[in-house]
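# Analysis of the macromolecular model
Below are the chains, spelled out letter by letter.
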Amino acid sequence: MADLSANGAITGSNVAVTPLSTTDGRSLKTALAAAQSRAKRRALLLVLPLLLFILISFVLPIGQMLLRSVHNDAFSANMPVLSAWFDENPGKAPDEAAYSALVSDLRQARADKTAGLIGTRVNYDLAGSRSMFTAAARKAPELEPPYRDAVLAINADWGNPALWQAMRSASTPYTANFYLAALDMTRDPQGNIVRVEESRRIYVSHFVKTFVFSGVITAICLILAYPVAHMLATLPLGKSNLLMILVLLPFWTSLLVRTTSWMVLLQEQGVVNNALVATGTVDPANRLSMMYNQTGTVIAMVHILLPFMILPLYAVMRPIKPHYVRAARSLGASSWTAFRQVYLPQTLPGIGAGALLVFILAVGYYITPALVGGASGQMISNFIAYHMQSSLNWSMAAALAAILLAAVLLLYWLYDRLVGIDNIKLG
Amino acid sequence: MSTATAARINPEDDVKDSFVSFERVQKSYDGETLVVKDLNLTIAKGEFLTMLGPSGSGKTTCLMMLAGFETATSGEILLAGRPINSVPPHKRGIGMVFQNYALFPHMTVGENLAFPLKVRGLGKAERDAKIVRALDMVQMGRLVNRRPAQMSGGQQQRIALARALVFDPQLVLMDEPLGALDKQLREHMQFEIKRLHEELGITVVYVTHDQGEALTMSDRVAVFNDGRIQQLAPPAELYERPVNSFVAQFIGENNKLPGRIEALGQGVATVRLVTGELIDATPVNITAAGQETLVSIRPERIEFKPEMMPAGAHRIGAQVLDVIYMGDVLRVRMKVAGSEDFVMKCRNTLGQRRFKPGELVEIGWHPEDARALDPI
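Analysis parameters
Residues numbered from 1 in each chain as written. Chains lettered and ligands numbered in written order. Predicted model: local features only at pLDDT ≥ 70, side-chain atom pairs only at ≥ 80, totals over all residues. Heavy atoms only, no water. UniProt positions renumbered as here; feature names shortened; annotations may be inferred. Contact = heavy atoms within 4.5 Å. Buried area = accessible area lost by both parts, 1.4 Å probe. Salt bridge = Lys/Arg side-chain N within 4 Å of Asp/Glu carboxyl O. Polar contact = N/O pair within 3.5 Å; in protein donor to acceptor, adjacent residues only side chain to side chain. Helix = DSSP H or I, 4+ residues; strand = E, 2+ residues; numbered from the N terminus. Nonpolar A, V, L, I, M, F, W, Y, C, P; charged D, E, K, R; others polar. Domains from an automatic or database assignment. Phe/Tyr/Trp six-rings, centres within 6.5 Å; stacked < 30°, edge-to-face > 60°. Buried < 20%, exposed > 50% of the residue type's maximum accessible area, 1.4 Å probe, protein only.

Under an unreviewed UniProt entry, chain B has the name Spermidine/putrescine import ATP-binding protein PotA and belongs to Paracoccus laeviglucosivorans. Database annotation for chain B, UniProt heading Sequence similarities (unreviewed entry): "Belongs to the ABC transporter superfamily. Spermidine/putrescine importer (TC 3.A.1.11.1) family." As recorded by UniProt, the Subunit (unreviewed entry) comment attached to chain B reads in full: "The complex is composed of two ATP-binding proteins (PotA), two transmembrane proteins (PotB and PotC) and a solute-binding protein (PotD)."

Under an unreviewed UniProt entry, the name given to chain A is Putative spermidine/putrescine transport system permease protein, and the source organism is Paracoccus laeviglucosivorans. What UniProt states about chain A under its Sequence similarities (unreviewed entry) heading is, verbatim, "Belongs to the binding-protein-dependent transport system permease family. CysTW subfamily." Per UniProt, chain A carries the Subcellular location (unreviewed entry) text "Cell membrane".

## Digging into the interface of chain B and chain A
Facing 22 residues of chain B, the contacting portion of chain A comprises 16 residues. Across the chain B/chain A interface, buried area totals approximately 1,700 Å², and carbon plus sulfur atoms make up 68% of it. Along the contact surface separating chain B from chain A lie one salt bridge. Put simply, Glu70 of chain B and Arg326 of chain A hold a salt bridge, and the shortest N to O gap is 3.9 Å. Inspection of the chain B/chain A interface yields three residue pairs in polar contact (both at pLDDT 80 or more). Residue assignment for the side of chain B that touches chain A shows that the elements contributing at least two residues are β6 (94-97) and α3 (109-118) of chain B. Grouping the amino acids of the side of chain B that touches chain A by side-chain chemistry returns 16 nonpolar, three polar and three charged.

## Digging into the UniProt feature "domain: ABC transporter" (unreviewed entry) in chain B
Feature annotation in UniProt assigns "domain: ABC transporter" (unreviewed entry) to the following positions: residues 20-251 of chain B. The straight-line gap between the two end C-alpha atoms of residues 20-251 of chain B is 25 Å; of that span, 36% is helix and 25% is strand.

## Let's talk about the domain arrangement of chain B
Residue and element names in this part refer to chain B. Splitting chain B by domain gives domain 1 (2-245) and domain 2 (253-373). Of note, the centres of domain 1 and domain 2, computed from C-alpha atoms alone, are 37 Å apart. Each partner contributes residues to the interface: domain 1 has twelve residues there, and domain 2 has ten residues. Regarding the contact of domain 1 and domain 2, the summed buried area is about 950 Å², with carbon and sulfur atoms giving 46% of it. Applying the counting rule to domain 1 against domain 2 returns zero salt bridges. For the pair domain 1 and domain 2, the interface holds four residue pairs in polar contact (both at pLDDT 80 or more). For the side of domain 1 that touches domain 2, the secondary structure elements donating two or more residues are α1 (2-5) and α8 (235-240). Of the residues assigned to the side of domain 1 that touches domain 2, the class counts are five nonpolar, five polar and two charged.

## Focus on the domain arrangement of chain A
The domain architecture assigned to chain A consists of domain 1 (1-70), domain 2 (74-175) and domain 3 (203-423). Distance between the C-alpha centres of domain 2 of chain A and domain 3 of chain A: 50 Å.

## A look at unusual backbone geometry
Following Pro145 of chain A, the chain continues to Pro146 of chain A via a peptide bond in cis, the omega torsion being -5°. Phi angles above zero are rare outside glycine, and Ala337 of chain B is one such case at about 50°. The residue Ala337 of chain B is located in the loop between β16 (329-336) and β17 (339-347) in this model.

## Here's the deal with the packing of aromatic side chains
All names here are of chain A. For the structure shown, the criterion picks out 15 aromatic pairs over all chains. Between Tyr99 and Trp164 the ring centres are 5.1 Å apart and the planes differ by 65°, which places this aromatic pair in the edge-to-face class. Taken as a pair, Tyr99 in helix α6 (residues 96-112) and Trp164 in helix α10 (residues 161-170) lie far apart in primary sequence, 65 residues in all. A relative accessible area of 1% means that Tyr99 is categorised as buried.

Rendered as structure tokens:
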């Protein structure tokens, strides 16, 4: 203010003292703020439909999924009496009161036709127990005390401590058991967390496999895409547009068509093998098996995900003028040094964006591994689909998906720490 | 003397200590048309040579061939007596300043300057000393940690200059380095570059299409057109004694009166203008009477005050068409001998006569200032 008034005639020393106001006497500052906030509110109305859409189609389902992975009340809601007994007697072996509660709940379950639901829930933790619940519920109305003996008479397995452990853990609606299962772990009858037996450990190895696969696919995509993107970026616009259409062509073709055409090409009696046999490169007796295994999955997924690597690389390379490399050369750098120290660092944002995009897409890819993966080419997404569609263990599917999500977020965080997320450039 | 200049297209005459030379160099991109036609040029050590010409005249191609980014289709380029046609650009040891600065955007100023030193395997202490010296040379020492994007165009250009000089090259090429700067900054940088050239004793090959820049900075200027050097001469000679109509037109403002040679004598030609007047002119690249010619006269060599008229001046009637006030000079466009874009420049002095459109006036010039050139 001091130097403003010192400026002289126009500003004058008393102008700075009187606050500015509108013609009707309101403070100008408040009037401006009010006008601006009205404009902001109107602008917000324009994006409101999208916000609502994202909320309904993205935030809610993911929240629901995350909740489902730790919450399942199929048992606790339909077996209230037994659940209450578990609450009151922590760690206690089942006595006559427990069996009595069990029978009373089973009678109610028969009336409500919920025995199947209950059995399914316990079945997640202890395979083969679903039929015990349905069978016991059918006979529950005729049972006489003492209930312990009566129930054991239906099926001696009702005395199995593992079953009671499973029921106890199912009696609270919130449980971490699905996460334990997703990490190939379980609780022993004493409630300790242990790894499941060797032959049943499937998820951890498939998580590892999924990430290794995705890494390999990302690396291959980068190696293939980098020269192509560079060529597109340096060609005259007319020619590069034509080639860009070829790059984008796969986007306009159905994913299924592309995947099945790979099946036609790569199967044992397929085009590639036939050509190799015809030229004598491969012995007819042992044709290459490139389909229904990891090779097929990698080839088909690289093909499908390649444009996602080319496009960000192209977007970053296009504005890099050739005079940078020329300058480096004139300063004494060999072409390799010029590439490594001048060109490559300038394309890092594109590499980062492309790699992150391809990797995240690959980690969650489902259709292609399902069609061409065979037994060895399955990824974790196929297990999620299996639990969603076949075993109907949605909580398990949700737990697997949540672990996948967490791993991707972790990678994203790591990337941010190492490269910086503001260095990403998609176009 | 003026007739002798016509033969000076061949540069070999006045260069003793040749540092760079182009020998019968030709360049064609498509195999059909030659962009550079039979270029012979010798540049002395320590010389400031400018390649001047309109775009597409082949000057940048020549520079790129010297830098090693283009290969000559035929002919030889020698650097310090050594043929360099097959030497890759990074082994030529030539500093280069680009039009768009070409500072590496992911490196700081210091890293940019360290780059040529690192690839040459210099140690850190030696590098730092050279960087400090180079930055001081362009008065940019305080910007060592800035990134190119955080600097103004003028600052970036200074850094680019420092980077091209930091590894002590003997030859520095500049490809329209000041093209992107505003007028004031450009003039300042011209002075800076000239100062560095003199202080360091380096050889500079400078490409520009700005004739003012070429005249103020160079020891010699090579005017390019159509893939050939039209004239290679020091600035004053280029301006005052252009050897053909292209050079006369391209350098500075120029009046041209079309006519036909009536008689050709020793150092003087009589020209009949299209309106029938006979004037005397200095013959430059005409050979015989009867030829068509363009007589070229510089606007500032035209006089209208009888008392200032040089002895032996040729006088002719003119009609004022309009006057443009340019501050330091008044630019009077008039109709002379049928030509309507004849321009006279008079200094804007106190009491200078103010012409009105339509006014009739007698103007004149010395026959030595009227140069009979080839018709274009």
